[in-house]
Structure formats: structure tokens, C-alpha cells
Amino acid sequence: MSLLADKTQGPVLVGAHTDSGAAFVPDQSRAERKRSYAVADFTVPNGREEDWRFTPVDRLRPLFEVGPDDRDGVTVTADTPDGVTVSHGTPGSVGLGVGIPADRASAVAWESASVMTSLAVAPGAAPAEPAVLRVTGHDKARLNGHLAISAGAHSRSVVVVAHAGSVRCGANVEIDVEDGAELTLVSVQEWDDDSLHVAQHDARIGRDASLRHIVVTLGGAIVRISTNVLYSGTGGSFEGLGVYFADAGQHLEHRLFVDHEPPNCRSDVAYKGALQGDGAHTVWVGDVLIRASAGGTNTYELNRNLVLTDGARADSVPNLEIETGQIEGAGHASATGRFDDEQLFYLQARGIPEDTARRLVVRGFFASIVQRIGVPEIVERIMAAIDRELGATPQTEADG
Amino acid sequence: MTSHIEELNPGLKDIGRYQFGWADRDEAGASARRGLSPDVVRDISTRKSEPQWMTDLRLKALRLFEKKPMPTWGSDLTGIDFQNIKYFVKSTEKQATSWDELPEDIRNTYDRLGIPEAEKQRLVAGVAAQYESEVVYHQIREDLESQGVIFLDTDTGLREHEDIFREYFGSVIPPGDNKFASLNTAVWSGGSFVYVPPNVHVEIPLQAYFRINTENMGQFERTLIIADEGSYVHYVEGCTAPIYKSDSLHSAVVEIIVKKNARVRYTTIQNWSNNVYNLVTKRATCDEGATMEWIDGNIGSKVTMKYPAVFLLGEHARGETLSIAFAGEGQHQDAGSKMVHAAPNTSSTIISKSVARGGGRTSYRGLVQILEGSHGSKSNVVCDALLVDEISRSDTYPYVDVREDDVQMGHEATVSKVSEDQLFYLRSRGLTEEEAMAMIVRGFVEPIARELPMEYALELNRLIELQMEGAVG
């Protein structure tokens, strides 16, 4: 190195620095982040890593080490209409070939999973009813989930995955939307308050295919869902919708990464969350990468957080990386605010009791997302759940 | 003086004998010493006849610098070789250089910018000019001086106002704040020291002009601004350097203390040549009712990582950042702002505009943090990026951390390309494509340009035209 050649005279403490020259280069793009099936490729997170810095990693420790399923502690039932088949097999080394773990928890779940549940929609099928998978855990059962969903070419379907009960669950969900298919996938987390759930969803969207990916997170001690989306052809469309409601002590984290590589695809992400109670914490990270080849991309991300009481914390990080100017449009918006007293006052002035008024305001906040979900049963359940959450408010008087 | 310091630190005597590249006979920057060690740090301190506490602080900062890892985020900094940098270049060496000695294309650029001429005029008007490691010129109008306004280079500030200096130095940005703040604290030299007494309004901006001339030079100026209660000051800085084949490092620290109901505006037009790593820590604290405004223009440099911060510590304090960045070929402007709300009813605004062309990369990276108890706080962040071709890149990394319910926080970003319609419209009125493009870009940054003092706004417009030259076709 030149420092030796250029040294003039006198003592220069060579070796005092180890950080010049061959120093570490930070990832220059979201796409550079490591992916691997091997657990050993990921160290156990200590909370200082960029992708774990918001997460209470200490409490997730059980999900960072390989371990067997508690097979008796978890029940999985399936409700399938015509055109949809569910089967259970072994994951093999690459599963459906769509997902690759991007963090320790995902790699652990991948390696530990003994069963891969496959849900397939036949090509061209358009079942009238949604397919429903119910996952229920008991007594903090360990579950290493691996779900492979494939929507055959030109099919139109709705798939609901409903989670409830008490688990320690690491999971991988692979979603393959073949050319021309339309899939609505709803993942509902209504876990008990002691549940841990870390999941990675990987979606591949084919040519002119569209995926509507809906995440509804209401229960669980820690829930972290990382969704990665890529396109395998032009004209693909991704709509990512999310609704979450964090109570005291809950940590609900949603991460998205949309990787635009082929041209003329679109993505539209909108997540809304409410926080209530001491220590309620929500994290939303939305990464969008538009590669140089992805001309004609149109993307927008939105996150809104409504903080209902003191002591809650909302982190919101919408990141955009754009490598070409030939785009249709790109943008994001994030806002965090408190309950609007004026709206409450307006409703109260019209004779609506305060608790009803509060409910109306919060329902109104979520309405713009919930209305887009388009699955009536789910919409009703979400609204009922929001009402329940608000009913749990210990004090309904205006708190400042 | 020297003997006094030697008494305090007997080890210095031996070091004094080395002289290394520091002797006056070493006229050119080329022979200045490279590399970093405790000796180099002690030597800088000795040559400035500093009090012992400062020497100790520098050495402590050096240890912190050595301990701290390089950032694990942001731009690629592997091009920096800390042992190849000249940490202190005595300013007299400037006499060995003149505009004529510069490569022709750079000289042309400066002539077109009118910088030699402007420099001359500003010296007449009263400015600080830093050349290499030291401020070679400073002057303040007599009427301001008679009101008690202090405007000195930082070295003189330490000598003449040690009490104030010691109270505030490192109080906003401690030596261990980050790796580059540690480095600056260890080897700082030059910069401005400003104190504005209570209720004094300095109507005309104080100006500083920074220049790196030596290849592989590290410039580490340190600026400390204290605006006492109810006062106002506007500080303007500009930066340039010639282009060499290997890289230089500029790592400044700027600390600003804005006391109750005072207001400080700090304007930077950074136009380092694109072989300069520009890694700067700038931070202000605002007491009750105080206002801090950063106007941050990043046009030059190879890599800039700079996030001017405001810590809102008193009720009704306000922070504002207007940030503008241009990245051309081979440039990465990683700029943004940081607002920390630590008191009730505080407000902040960040407006960022960036333009990338020719394969350049602009990144907005920001943080808005609203701490518990800061109820009634408001923050709004708006980022707009303009991409003028297919090979450039624009990123947005806004962090938001809200720990209080009674707040309003908003963030918005848009990235767009120059519209064909706008171009067509202007061309149909007789403008060339290049002129039309420059006009669109000027219109895009206008909301920020109009906040600049006139001469800087003109300079910015000229720079945009230069940047956009060759952007089309």
C-alpha cells in the first residue's frame, strides 16, 4: 500500500489502523443483502444488524436455533373449494424454488421444517369460495412452517391463511403466481399474547399476473413478517395491503422488499396501523428497488400509523432505490399521528357517545385499506377485531 | 509558551525534535507528512501552542477513532487510506501555488465561476478564508466587533476566548460521536469561531471560504457558533478543491448552540472537486423558542455523507433543513438531515431536492426522532428527486422514530423524470434541449435557490448549467 512507499521519515504507527484499504463496503443496494439456505451463513442476530435493529431479538432466541416441530401442539386444517388442492410433503432442498431465506430465523425454519404444505390452484380455475388454511397452536408449540402456494396460469383465486393460538413459529411462505394468474392471499395473525411468529414470504409474479397480498396482524407477542416480491415477466402487478393493531407490550413488524427487474410492472403498497398501550411497538419497513432494466415501472408505498395512547412507538421506514430515469412514477409517503380530537369533538357535538365516536374515527382510518381487501368475510372479521381492540381500552375518556 | 507546554508534558520535547514534514522549509504540500499517529496529533497541538486539555482531548479522540469501525451503512469509503493523508498542511505553502498552476480544465471552470474575482471581493467585504489547514484571512466589520460579536478562526478563538471555548467545544458533538467526528477532534485545524451576544442581530451574513489545494490533503476544520439569547446570525460557507488523480478527505465538525429565542441560519454550498471524500458532522442544539435553519447545497465531491442535525431541546424550538444535491458522473451524494425532538411543541421541516445525471447517485437519508414527552410536536419531511437520464440513481432512506402519541409526523417522496412535454414545450419556443433541461432543473430547485444569498443563488445557477452541460444527447 502507498502508505509505506510514501512515508517520509519518522515513526508512523503502521498497523494502528486496520480499517483503511480493505475495509468493509456497506451494501450499496438492497439487492446485495445476503440470501442462503444454510443456517450457518447467518449469525445469530444481536440487534445491531440493519434488518434486526428494531426487533427485540433476545425474546426471539428460540427461533434462531434449529429445532424439531412440536407436532402434537399444532393443528392445520384446510377448507378447499374445487380447483384447489392441498397436500403435505417434504420440503426438499429448494421447496417451490421461489423463496431463499434472507435472515437467520428464515434459514432456521427452512432447515427445521419437516413438512411442506402445498396449496395449488389449478391452471384456469376460478373457485367461487376462498381456500382457507387454519393454523392453530397450543402451549407455545414450536412450529417450523413451510407453505408453498402456487396459482396456476390464468387462475383466479383467494387464499386465506388464518393463524391463532399459542406458538413459537418460524415460517417460510413461497408464493408462485404464474403467468396471467390473479391471486389474493390473506394472512391473518390472531395469535394469543404469548406467541412468537417470524415469517418470510417470497412471491414471484409472472407475466401479466397479479398478486394481492394482504397481511392482517392483530395478535401475538412478537410478529415479524418479511415479504419479498420479484417479477418473472413484464406487466406484473403487486398490491401489498396491511392492517395492524398493536396493544401494550406487543411488537408487530412488517417488512417489504419489492424488486423491480423486468420493465412495465407495478407495485402499490399500503399499510395502516394503530397503536395502543404502554410498550406497543410497530415497525414498518418498505424497500423498493427499481433496477436499471425496469423501465416503465410504477410504484408507490404508503404507511400510516395512528398512535392512540402514550408510551407507544411507531417506526416507519420507506426506502426507495431507483437506478433508471425511465419510470412511470415512484413515490412513498409515511405519516404517524395521534388521534384527531377535532374529529372526535365533531362527532360528539352531533350526539354520538364518545366510545362510539372513537370507534368510528379509528374505523374510518382503516377503511381506505380494508375496503380494498375485497374479501367480505375478512373485512367483517377485521372490523369486528378493531372494535374488540378498542373495547379493550382501559380508559375511554379523551386522554390529552 | 512552548516551554510551558513542555513542562506539562515532558514527552513533547523529544517529539519536537522530529520536525518531519512540518518545518517551514518544506514549502510545498507535496512534502507534508502523511499518516496518523499520536505524534502527529501532539505535533499539531504543539505547533498551535494549545492548552494541555486540548492536547489530551485530541489524543483521547485519536484513540476513539482507532477503536471505532468504519460505518456499516452509506457509501463505499474503501478509497480512503488514512495513512496516506496529510493531516496538517501549513497554510504558507499556498504561496507555492497559483491559479495558473492548475490543470487547464479546472482553471477554466474556476474562471467561469468567477471564484478568483469573488474571492477578492469577499476579502474586501470581510470574510474568513481557509486554505489547507489554517485560516489565512479573517476580518469582521468594526461595528459588529464593537457590539461584542466574535468572529475568528477557531485556533485564534481557542487562544483568545478559552473559557467560552472550553465550555462549548465538543458539547454538541462529543469526540466519540462517530468515527469521523473522532478523527476531526484529534486533528482539527482552522474553521470559524463565532459568538453573538444577546439580542444582537448580525444582518449581513458572515462568510467563510474553504479550499483544499494539496493532493491527499485532509481538511478538518472545526466550527463553533454560539448564538446567545435573542440573537440572529447567518453563516455562509463555500468549498472548492482542485482535481487530482488521488483522493482528498474533508471531514469537518460544525457545532452550533442556539440559545433561547435566538436564530441561526447556516448555508453551505459545497463544490469540492470530485476526488474529495466529504464526511461532515454538523449539529445544532436549540433551546426554548430558538430556530436553527440549515441550507445545505451539495454539488461537488466524490462522496458526500452529511446529515445536518438539530436537537430541539427547549419548548417551541424549531429546526429546518433545506437540502439540495446534484450528483453527476462518479458522484454519490448521500445527504439528508436529522431532527431530534426532545421537548414539547417543537417543530421541524426537512425539504430535500436532488438531481442525478450521468450515472451519479443521490441518496436522501434522514431521521426524525420524537422522544417521549415531546407532545404537540410536528414534523414534515418532503423529498423530491429528479432523474434526467436512464443510468442515474436516486435513493430515499427516511427513518422515523415516534415515541409519543400527541404528534404529527409526515413524510413524502417522489421521484420523477424530466417530462417530454416540458422539454418539447421549451424547445418549440426556440431553446436548445440543453438549455431547456437546465431551465427545468433550475425550476425544480428554485424553492431552495431563493433562500440563498444572491451571489450564492447566482453561483448555484451557474453550477447547475455546468452540471447539466453534456447531460443531453
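Residues numbered from 1 in each chain as written. Chains lettered and ligands numbered in written order. Predicted model: local features only at pLDDT ≥ 70, side-chain atom pairs only at ≥ 80, totals over all residues. Heavy atoms only, no water.

For chain B, the name recorded in an unreviewed UniProt entry is FeS cluster formation protein, with Nostocoides japonicum T1-X7 as its organism.

The name that an unreviewed UniProt entry assigns to chain A is SUF system FeS cluster assembly SufBD core domain-containing protein, with the source organism given as Nostocoides japonicum T1-X7. As stated in UniProt under Sequence similarities (unreviewed entry), the record for chain A gives "Belongs to the iron-sulfur cluster assembly SufBD family." (UniProt positions renumbered as here; feature names shortened; annotations may be inferred.)

*Asks:* I'm lost on the overall build of chain A in this one. Help?
*Replies:* Assigned secondary structure in chain A consists of 5 helices and 16 strands. Over its C-alpha trace chain A gives a radius of gyration of 23 Å, about what one expects of a compact globule, namely 21 Å for 400 residues. Across its three principal axes, chain A shows a C-alpha extent of roughly 85 × 55 × 50 Å. Evaluated residue by residue, chain A yields a buried proportion of 59% over its 400 residues. Sequence-distant contacts in chain A: of pairs separated by 6 or more residues, those separated by 24 or more amount to 87%. As presented, chain A carries roughly 15200 Å² of accessible surface, and 50% of it is formed by carbon and sulfur atoms. Averaging the positions of the 34 positive and the 55 negative side-chain charges in chain A gives two centres separated by 1 Å. (Helix = DSSP H or I, 4+ residues; strand = E, 2+ residues; numbered from the N terminus. Rg over C-alpha atoms; globule rule 2.2 N^0.38 Å. Buried < 20%, exposed > 50% of the residue type's maximum accessible area, 1.4 Å probe, protein only. Contact = heavy atoms within 4.5 Å. Areas by Shrake-Rupley, 256 points an atom, 1.4 Å probe, with all protein chains shown as cover. Lys, Arg positive; Asp, Glu negative; His and termini not counted. Charge placed at Lys NZ, Arg CZ, Asp CG, Glu CD.)

*Asks:* Please explain the overall build of chain B as it appears in this structure.
*Replies:* Helix and strand content of chain B: 13 helices and 22 strands. Looking at chain B as a whole, 63% of its 473 residues qualify as buried. Within chain B, residue pairs in contact and separated by at least 24 positions form 84% of the contacts whose partners lie at least 6 positions apart. A total accessible area of about 17100 Å² is found for chain B, and carbon and sulfur atoms account for 48% of it.

*Asks:* Can you help me understand the packing of aromatic side chains in this one?
*Replies:* To describe a pair of aromatic rings, one takes the distance between the centres and the angle between the planes. Summed over all chains, the structure comprises 15 aromatic pairs over all chains. Lying over the aromatic face of Trp-52 of chain A, Arg-224 of chain A brings its terminal NZ or CZ to 3.6 Å of the ring centre. (Phe/Tyr/Trp six-rings, centres within 6.5 Å; stacked < 30°, edge-to-face > 60°. Lys NZ or Arg CZ within 6 Å of the ring centre and 35° of its normal.)

*Asks:* Looking at this structure, how should I read the interface of chain B and chain A?
*Replies:* Note on interface size: it is often stated as the accessible area lost on association of the parts. With 56 residues of chain B in contact, the opposing surface of chain A contributes 55 residues. Summed over both partners, the interface of chain B with chain A comes to about 4700 Å²; 48% of that surface belongs to carbon and sulfur atoms. The largest contributions to the chain B side of the interface with chain A come from Gln-83, Tyr-399 and Asp-405 of chain B, which together make up 15% of the buried area. Where chain B touches chain A, the interface holds 3 salt bridges. With a closest N to O distance of 3.6 Å, Glu-323 of chain A and Arg-393 of chain B form a salt bridge. Seen at the junction of chain B and chain A, the total is 16 residue pairs in polar contact (both at pLDDT 80 or more). Of all the secondary structure elements, the ones that give two or more residues to the side of chain B that touches chain A are helix H3 (38-47), helix H4 (52-67), strand S21 (393-402) and strand S22 (407-417) of chain B. By residue class, the composition of the side of chain B that touches chain A is 21 nonpolar, 15 polar and 20 charged. As judged from the 8 bridges shared by strand S16 (residues 329-338) of chain A and S22 of chain B, these two strands associate in the antiparallel manner. Bridged to Gly-331 of chain A within S22 of chain B is Thr-414 of chain B. (Buried area = accessible area lost by both parts, 1.4 Å probe. Salt bridge = Lys/Arg side-chain N within 4 Å of Asp/Glu carboxyl O. Polar contact = N/O pair within 3.5 Å; in protein donor to acceptor, adjacent residues only side chain to side chain. Nonpolar A, V, L, I, M, F, W, Y, C, P; charged D, E, K, R; others polar. Pairing = 2+ DSSP bridges.)

*Asks:* Help me out: how do you make sense of the UniProt feature "domain: SUF system FeS cluster assembly SufBD N-terminal" (unreviewed entry) in chain B in this one?
*Replies:* The residues that UniProt annotates with the feature "domain: SUF system FeS cluster assembly SufBD N-terminal" (unreviewed entry) are residues 144-207 of chain B. Summarising residues 144-207 of chain B: 41% helix, 17% strand, and an end-to-end C-alpha distance of 14 Å.

*Asks:* It is not clear to me how the pairing of strand S6 (residues 182-191) of chain A should be interpreted in this structure. Could you clarify?
*Replies:* Consecutive residues of a regular strand have side chains that alternate between opposite faces of the sheet. All names here are of chain A. Burial analysis of S6 places 8 of its 10 residues in the buried class, the great majority of the element. Of the pairings in the sheet, the one linking strand S5 (residues 156-177) to S6 comprises 10 bridges and is parallel in character. When the bridges of S6 are listed, Ala-164 appears paired with Glu-190.

*Asks:* Would you take a moment to explain the UniProt feature "domain: SUF system FeS cluster assembly SufBD core" (unreviewed entry) in chain A for this structure?
*Replies:* Under the local residue numbering, the UniProt record ascribes the feature "domain: SUF system FeS cluster assembly SufBD core" (unreviewed entry) to residues 140-365 of chain A. Secondary structure within residues 140-365 of chain A divides into 9% helix and 64% strand; the distance between the first and last C-alpha atoms comes to 33 Å.

*Asks:* Can you help me understand the nonpolar core in this one?
*Replies:* Side chains of a nonpolar character, in soluble globular proteins, are inclined to be buried together. With 61 residues, the main nonpolar core has Leu-211 and Phe-238 of chain A as its most contacted residues. Judged by nonpolar contacts, the second largest core, of 39 residues, contains Leu-144, Ala-208, Val-254 and Ala-413 of chain B. (Core = buried A, V, L, I, M, F, W, Y, C linked by side-chain atoms within 4.5 Å.)

*Asks:* Is there a simple way to explain unusual backbone geometry in this structure?
*Replies:* Note on backbone geometry: most residues besides glycine have negative phi, and most peptide bonds are trans. Residue and element names in this part refer to chain A. The residue Lys-140 is not glycine, and still its phi comes out positive at about 50°. Topologically, Lys-140 is positioned in strand S4 (residues 131-151). Positive phi, normally seen in glycine, also occurs at Asp-208, with a value near 55°. You can see Asp-208 is positioned in the loop between strand S7 (196-205) and strand S8 (210-219). The class for Asp-208 is partly exposed, based on a relative accessible area of 48%.

*Asks:* Hey, could you run me through the side chain of Ser-334 of chain A in this one?
*Replies:* Following the sequence through the fold, Ser-334 of chain A ends up in strand S16. Beyond its immediate stretch of four places on either side in the chain, Ser-334 of chain A contacts Asn-303, Arg-304, Ser-316 and Pro-318 of chain A together with Val-400, Met-409, Gly-410 and His-411 of chain B.

*Asks:* Explain the packing of H3 of chain B against H4 of chain B here, please?
*Replies:* Packed helices, taken two at a time, are described by the angle between their axes plus the distance between the axes. Residue and element names in this part refer to chain B. The contact between H3 and H4 brings their axes to 10 Å, and the two run at 155°. In this view, H3 runs roughly antiparallel relative to H4, as classed from their interaxial angle. Considering only the axes of H3 and H4, their crossing is right-handed. Here H3 contributes Pro-38, Val-41, Arg-42, Ile-44 and Ser-45 to the contact with H4, which in turn contributes Thr-55, Arg-58, Leu-59 and Leu-62. Grouping the constituent residues of the contact of H3 with H4 by class yields 5 nonpolar, 2 polar and 2 charged. (Axes fitted to C-alpha atoms, helices over the stretch in contact; angles between N-to-C directions. Parallel < 35°, antiparallel > 145°, perpendicular 65-115°, else oblique. Left-handed = near helix turned anticlockwise from the far one by under 90°.)

*Asks:* Would you explain helix H5 (residues 376-391) of chain A in this entry?
*Replies:* End to end, H5 of chain A covers 23 Å across 16 residues, agreeing with the expected 22 Å (1.5 Å per residue, within 8%). Where H5 of chain A is concerned, the buried positions are Ile-378, Ile-382, Met-383, Ala-385, Ile-386, Asp-387, Glu-389 and Leu-390 of chain A. (Expected span 1.5 Å × (residues − 1).)

*Asks:* What exactly am I supposed to notice about the side chain of Ser-337 of chain B here?
*Replies:* Its location among the elements puts Ser-337 of chain B in strand S17 (residues 332-341). Among the polar contacts listed, one links the side chain of Ser-337 of chain B to the backbone oxygen of Pro-308 of chain B, at a separation of 2.9 Å.

*Asks:* What is the right way to read the pairing of strand S11 (residues 263-271) of chain B from this model?
*Replies:* Residues and elements named next belong to chain B. The buried fraction of S11 amounts to 8 of the 9 residues, a majority that puts the element mostly inside the structure. In this structure, S11 lies alongside strand S13 (residues 291-298), joined through 8 bridges in parallel fashion. Bridged to Thr-268 within S13 is Asp-296.

*Asks:* Help me understand the confidence of the model for chain A, please; the structure alone is not making it clear to me.
*Replies:* In regions of low pLDDT, the predicted coordinates are not meant to be interpreted in detail. Residues and elements named next belong to chain A. Per-residue pLDDT for chain A has a mean of 88; in total, 92% of the residues score no lower than 70. Segment residues 1-22 is flagged for pLDDT under 50; beyond a separation of four residues in sequence, or across chains, it makes 38 contacts in the model. The model gives residues 393-400 a pLDDT under 50, and that stretch makes 13 contacts with residues more than four places away or in other chains. (pLDDT = per-residue confidence, 0-100.)

*Asks:* Would you explain a negative patch on the surface in this entry?
*Replies:* All names here are of chain A. Together, Asp-139, Asp-192, Asp-193 and Asp-194 make up a region of like negative charge exposed at the surface. Considering the arrangement of structural elements, one finds Asp-192 in the loop between S6 and S7. Its relative accessible area of 39% is what places Asp-192 among the partly exposed residues. (Patch = residues over 30% accessible without salt bridge, like charges linked within 9 Å, V, L, I, M, F, W, Y side chains within 5 Å.)

*Asks:* Even after reading the chapter, I still don't get the packing of helix H11 (residues 420-428) of chain B against helix H12 (residues 433-449) of chain B, so can you show me in this structure?
*Replies:* All names here are of chain B. Contact geometry for H11 and H12: axes closest at 9 Å, N-to-C directions at 125°. One finds that H11 runs oblique with respect to H12. In this structure, H11 meets H12 at a crossing whose hand is right-handed. The segment H11 lies against H12, with Gln-422, Leu-423, Leu-426 and Arg-427 engaging Glu-433, Ala-436, Met-437, Met-439 and Ile-440. For the contact of H11 with H12, the residue count by class is 6 nonpolar, 1 polar and 2 charged.

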